[in-house]
Amino acid sequence: MRVSWAQLGEQIAACEKCRLCETRTNVVPGEGNPNARLMFIGEGPGQEEDRQGRPFVGRSGELLTRMIHAIGLERSEVYICNIVKCRPPQNRNPEPDEAAACLDYLRAQVALVRPRVVVLLGKVACQYTIRDQVFITRDHGRWYEQKGVWFMPTFHPSALLRDPSKKRDAWEDFQKVRDKLAELEAAAGTEGTD
């Protein structure tokens, strides 16, 4: 059953499906253009995100925003969310049962946004969307197509802050994202002329 954005927001705000609800300050559902061509999915909110109730607003978020600008887009043009909508304690990775409790919310977000391209930020985002055996160092920048949507794994911005040597690879991945969006737009433009 399809839900509206308002219904989804109410469900996420009231959610108590897993233990993460016990320690959250705010839920962090996601934000951005509800009709975005490009969607970013991370693992879970950090301390600053939990405080503000917004995704990617700390140092990682600042870097992500700069990377989005670098491919000619504004943050307001994309949609950004996470696998889990509440902060895991000490910013640890979400446990499998915690991620499972939130996956219906993520599926609903993808169904509402209907993006053409989804960038998966880090291993956790990949393991719950593509498959378990994606290794970011090996598989970043590769395209995976599911039901007409193109998915690409790349490094989480926090990984780039910890290891700046990965920034070149991440920039190449973002250029591929920019090029894929242009390719899809061109293909959509020619479909109407046949």
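Scroll up a little and you will see the structure.
Here we summarise the structure given alongside this text. (Residues numbered from 1 in each chain as written. Predicted model: local features only at pLDDT ≥ 70, side-chain atom pairs only at ≥ 80, totals over all residues. Heavy atoms only, no water.)

## Describing the overall build of the protein
Counting its secondary structure elements, the protein contains eight helices and six strands. The helix and strand sequence of the protein, counted from the amino end, reads α-β-β-α-α-β-α-β-α-α-β-β-α-α. The C-alpha atoms of the protein give a radius of gyration of 16 Å, which matches the 16 Å a tight globule of 194 residues would have. Taken along its principal axes, the extent of the C-alpha atoms in the protein is 55 × 45 × 30 Å. The proportion of buried residues among the 194 residues of the protein is 48%. Within the protein, residue pairs in contact and separated by at least 24 positions form 72% of the contacts whose partners lie at least 6 positions apart. (Helix = DSSP H or I, 4+ residues; strand = E, 2+ residues; numbered from the N terminus. Rg over C-alpha atoms; globule rule 2.2 N^0.38 Å. Buried < 20%, exposed > 50% of the residue type's maximum accessible area, 1.4 Å probe, protein only. Contact = heavy atoms within 4.5 Å.)

## Structural notes on the pairing of strand β2 (residues 38-42)
Sheet faces and side chains relate simply in a regular strand, where the side chains alternate between the two faces. Counted residue by residue, β2 has five buried out of five residues, so it is predominantly covered. Side-chain alternation along β2 places Leu-38, Phe-40 and Gly-42 on one buried face and Met-39 and Ile-41 on a second face that is also buried. Summarising the sheet, β2 and strand β4 (residues 117-121) pair through four bridges and their orientation is parallel. Looking across to β4, one finds that Phe-40 is bridged to Val-119. Two elements, β2 and strand β3 (residues 79-82), share four bridges in a ladder whose sense is parallel. Residue pairing in the sheet places Gly-42 in a bridge with Asn-82 of β3. (Pairing = 2+ DSSP bridges.)

## Overview of the nonpolar core
Formed by 58 residues in total, the largest nonpolar core has its most connected members in Leu-38, Phe-40, Ile-41, Leu-64, Ile-83, Leu-120 and Val-177. Per-element tally for this core: the top contributor is helix α4 (residues 96-113), with nine residues. Apart from the residues within four sequence positions on either side, Leu-120 is in contact with Ile-41, Ala-125, Cys-126, Thr-129, Ile-130, Phe-151, Met-152, Pro-153 and Thr-154. (Core = buried A, V, L, I, M, F, W, Y, C linked by side-chain atoms within 4.5 Å.)

## So, α4
An α-helical segment advances 3.6 residues per turn. Residues three or four places apart therefore align on the same side. Across its 18 residues, α4 extends 25 Å between first and last C-alpha, which sits within 8% of the 26 Å expected from 1.5 Å per residue. Helix geometry: α4 is bent most strongly at Cys-102, by close to 40°. Restricting attention to buried positions, one finds in α4 the residues Glu-98, Ala-99, Ala-101, Cys-102, Leu-103, Tyr-105, Leu-106, Ala-108, Gln-109, Leu-112 and Val-113. At its buried positions, α4 is contacted by α1 (5-14), β2 and β3. Arg-114, located one to two residues past α4, shows a positive phi value of around 55°. (Expected span 1.5 Å × (residues − 1). Bend = angle between axes of the 7 residues up to and from the residue.)

## With respect to the sheet that holds β3
Pairing within the open sheet is mixed, and its six strands lie in the order β1-β3-β2-β4-β6-β5. Each of the sheet's edge strands pairs with one partner strand only, and the pair in question is β1 (31-32) and β5 (144-146). Relative to strand β6 (residues 149-154), β5 runs antiparallel, the two sharing three bridges. If you follow Tyr-144 over to β6, its bridge partner there is Phe-151.

## Describing the environment of Ala-187
By the element assignment, Ala-187 lies in helix α8 (residues 167-191). Of the residues examined, Ala-187 reaches a relative accessible area of 35% and is grouped as partly exposed. As for Ala-187 and Val-134, which are separated by 53 residues in sequence, their C-alpha atoms are 29 Å apart.

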